[in-house]
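Observations on the three-dimensional arrangement
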Amino acid sequence: MSADFAVAWQVMKWPLVACLILPPLLVYLGLHVVKREVIFVDLALAQVAALGTCLALLFGFQFGDRNTFWISLGVTFLGAGLFSWTRSRHRSHVPQEAIIGITFVVAAAGVILMLSRVAGGKEELEHLLTGDILNVTAAEVGERAAVFAVLAGFYATFHKRFAQISSDPDGAFATGLSVRLWDFLFYAAFALVVVSFVRVAGVLLTFAYLIVPAVCAVILAERWLSRLLVGGALAATASLIGLFASYQLDLPTGAAIVCACGLLLVLVGLFAGFRGRAAAA
Amino acid sequence: MKTIALITFAAAALTAPLGTSTPPPARLSVVATTPDLAALAKEIGGDAVDVKALAKPTEDPHFVDAKPSHIVTLNRADVLIEGGAELELGWLPPLLESARNSRISAGAPGRVVASKGIKMLEVPTTFDRSKGDVHALGNPHFLIDPLNAKIVAADIAEHLSQVQPQSADAFKANLQRFNTAIDAKLAEWEKQLTPYHGAKIVTYHKDFGYFAERFGLEIAETLEPKPGIAPSPSHLAQVISTMRNDKVRVVLVQPYQNRKTAETVARQTGAAVLDVSQQPGAIPGTTTYADLMDHLVRTLVSGLQGDK
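These numbers come from a predicted model, not from an experiment.

Here we look at the overall build of chain A
Secondary structure summary: chain A contains 12 helices and zero strands in total. In chain A, the order of α-helices and β-strands from amino to carboxyl end is α-α-α-α-α-α-α-α-α-α-α-α. The C-alpha radius of gyration computed for chain A amounts to 19 Å, which stays within 12% of the reference 19 Å derived for 281 residues, consistent with globular compactness. Projected onto the principal axes, the alpha-carbon positions of chain A cover approximately 60 × 60 × 30 Å.

Topic: the interface of chain B and chain A
Opposite the 26 residues of chain B that make contact, chain A presents 21 residues. Listed by contribution, the elements that provide at least two residues to the side of chain B that touches chain A are helix 3 (68-76) and helix 4 (92-99) of chain B. Here the side of chain B that touches chain A takes five residues from helix 3 of chain B, the largest share from any one element. Taken together, the residues of the side of chain B that touches chain A break down into 11 nonpolar, eight polar and seven charged.

What about the domain arrangement of chain B?
Residues and elements named next belong to chain B. The domains assigned to chain B are domain 1 (28-187) and domain 2 (189-307). Counting residues at the interface gives 29 residues for domain 1, matched by 27 residues for domain 2. At the level of secondary structure, the elements contributing two or more residues to the side of domain 1 that touches domain 2 comprise helix 2 (35-45), helix 5 (146-163) and helix 6 (168-193). Its residues assigned to classes, the side of domain 1 that touches domain 2 comprises 14 nonpolar, six polar and nine charged.

Here we look at the pairing of strand 8 (residues 272-275) of chain B
Residue and element names in this part refer to chain B. Of the strand pairs in this sheet, strand 7 (residues 250-253) and strand 8 are connected by four bridges, and their pairing is parallel. Along strand 8, the bridge assignment pairs Val-253 with Asp-275. At this point the chain moves from strand 7, through helix 9 (residues 259-269), to the parallel strand 8, and the crossover so formed is right-handed.

A closer look at the pairing of strand 5 (residues 200-203) of chain B
Residues and elements named next belong to chain B. Neither face of strand 5 is open: one carries Lys-200 and Val-202, the other Ile-201 and Thr-203, and all of them are buried. In this structure, strand 5 lies alongside strand 6 (residues 218-222), joined through four bridges in parallel fashion. Opposite Val-202, over in strand 6, you have Glu-221 as the bridge partner. In terms of handedness, the path from strand 5 via helix 7 (residues 209-215) over to strand 6 forms a crossover that is right-handed.

Conventions used here
Residues numbered from 1 in each chain as written. Chains lettered and ligands numbered in written order. Predicted model: local features only at pLDDT ≥ 70, side-chain atom pairs only at ≥ 80, totals over all residues. Helix = DSSP H or I, 4+ residues; strand = E, 2+ residues; numbered from the N terminus. Rg over C-alpha atoms; globule rule 2.2 N^0.38 Å. Contact = placed C-beta atoms within 7 Å. Nonpolar A, V, L, I, M, F, W, Y, C, P; charged D, E, K, R; others polar. Domains from an automatic or database assignment. Pairing = 2+ DSSP bridges. Right-handed = clockwise from strand over helix to strand, strands pointing away. Buried ≥ 20, exposed ≤ 12 C-beta atoms within 10 Å, placed from the backbone.

Structure (structure tokens):
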């Protein structure tokens with residue numbers, strides 16, 4: 001029994017660490033995204049990051065090369081620039097959500113086009129979607145933890161500004177804040193998070209960590225800090241359930257966590273529904 | 001009474017290892033990356049080994065989805081048999097890193113690299129990933145040539161004997177039996193395919209080169225423009241015209257390849273799509289290497305019959 005546990009621990013140790021210490025920053029960003037009502041911005045950015053990775057593969061770099069990371073990051077910065085630029089002050093006829101949706105499908109189609117020229121493209125495509133969180137190494141987790149710590153410091157320092165441009169952009173404009181610049185900084189740091197996380201976790205798991213805990217937190221709590229704590233706790237719970245199921249039932253790890261996230265959202269939704277009915281009665 | 005029984009038992013237990021009826025040593029846990037290698041390991045290892053394959057028979061050996069059980073299996077393995085020549089490059093190294101098992105680390109007696117003794121075909125002179133599924137060390141689908149299977153079987157026997165010297169004689173005998181069986185079968189297969197010497201066939205991936213070389217067939221085209229690159233319309237048009245000019249009658253597809261593409265091409269040219277596999281177990285009734293080759297040769301003969 002204990003020998004079994006030792007093996008399980010050895011196999012799941014680094015995935016577990018990655019899934020516990022990295023998601024809180026994603027939850028924070030998810031709260032912004034939900035506030036801004038640009039839900040698909042993260043899926044679109046994750047897809048743009050994947051597009052950048054494909055571009056690097058097309059140049060002949062390997063999936064794990066440093067250069068692949070930098071190319072992917074560069075392309076994602078372009079996407080970040082596009083999103084901050086299209087967020088107009090005045091309501092335009094074209095909602096930003098449309099731009100985001102278009103970016104997503106074009107990036108997704110671009111990935112398919114590029115991978116048709118790369119050996120084993122079909123499988124690389126699947127790899128980009130599902131990632132390889134099971135085989136994450138100590139070095140990969142460490143690097144990302146360091147990057148995330150710096151970015152968390154950045155977001156914490158300027159939280160007031162980011163919170164303002166997320167919840168009240170018009171008010172921010174009125175105070176003379178350069179919303180577009182701060183938006184770009186926000187999205188650029190966002191891009192860095194997404195690019196570094198997508199490389200180990202894949203597009204699906206990145207999106208799930210960004211959105212599902214944030215949505216649950218918005219249902220359950222009111223203030224930024226309590227939402228962040230609730231979201232972080234839910235992300236950790238989903239990680240544990242997903243990793244456990246993956247090991248016990250021998251399922252692909254990333255997809256198991258995504259489904260655990262979905263399951264948690266259903267439970268939170270039911271709980272909120274009952275609570276609402278109880279409050280009304 | 002009890003004491004006497006105990007003493008007899010103890011005496012029996014003590015003398016048993018010296019007697020003729022030596023208890024069998026613990027079964028070796030042998031892991032093969034693909035089912036074809038696993039089938040060979042079963043032939044050679046016999047009762048002395050437990051064999052597991054990481055890839056499913058219907059899975060592309062270039063791309064295997066990592067699952068926790070793979071790491072656990074590798075962690076407990078006494079012997080790992082890989083195809084080598086970068087066949088498993090995309091998925092095996094990270095699994096091995098997670099498994100942390102020195103018994104099967106590179107260079108250990110417990111690590112068999114099947115490609116080691118093989119004369120590789122299609123070794124590239126230049127290296128460029130955009131040229132397709134670049135296998136810098138040559139085409140890794142060599143086991144489909146029965147003579148290569150014999151080489152790999154001998155390599156497996158040698159490594160198993162190093163890891164478990166007590167069973168060396170058994171491994172040697174099993175190897176002998178396997179070689180004899182394959183020699184007999186090979187004569188049979190060659191006889192069946194002799195009428196079709198020089199026949200042109202089309203395959204999806206560059207995975208039947210060694211087979212064609214052994215049995216005197218010619219691969220006229222592959223549906224993939226380059227190994228690992230999805231078929232494009234212009235390339236398929238070229239394949240269709242080649243097939244019409246050369247009167248190619250058969251297109252070979254494996255379970256994980258896109259049968260629809262083969263069907264489209266077959267429709268345009270009146271050729272037959274033949275479902276074959278290089279992995280035992282993918283097609284019902286093919287458990288051993290010989291079963292697999294039997295099925296392949298039989299299917300090919302029936303497909304080529306209309307040719308003559």
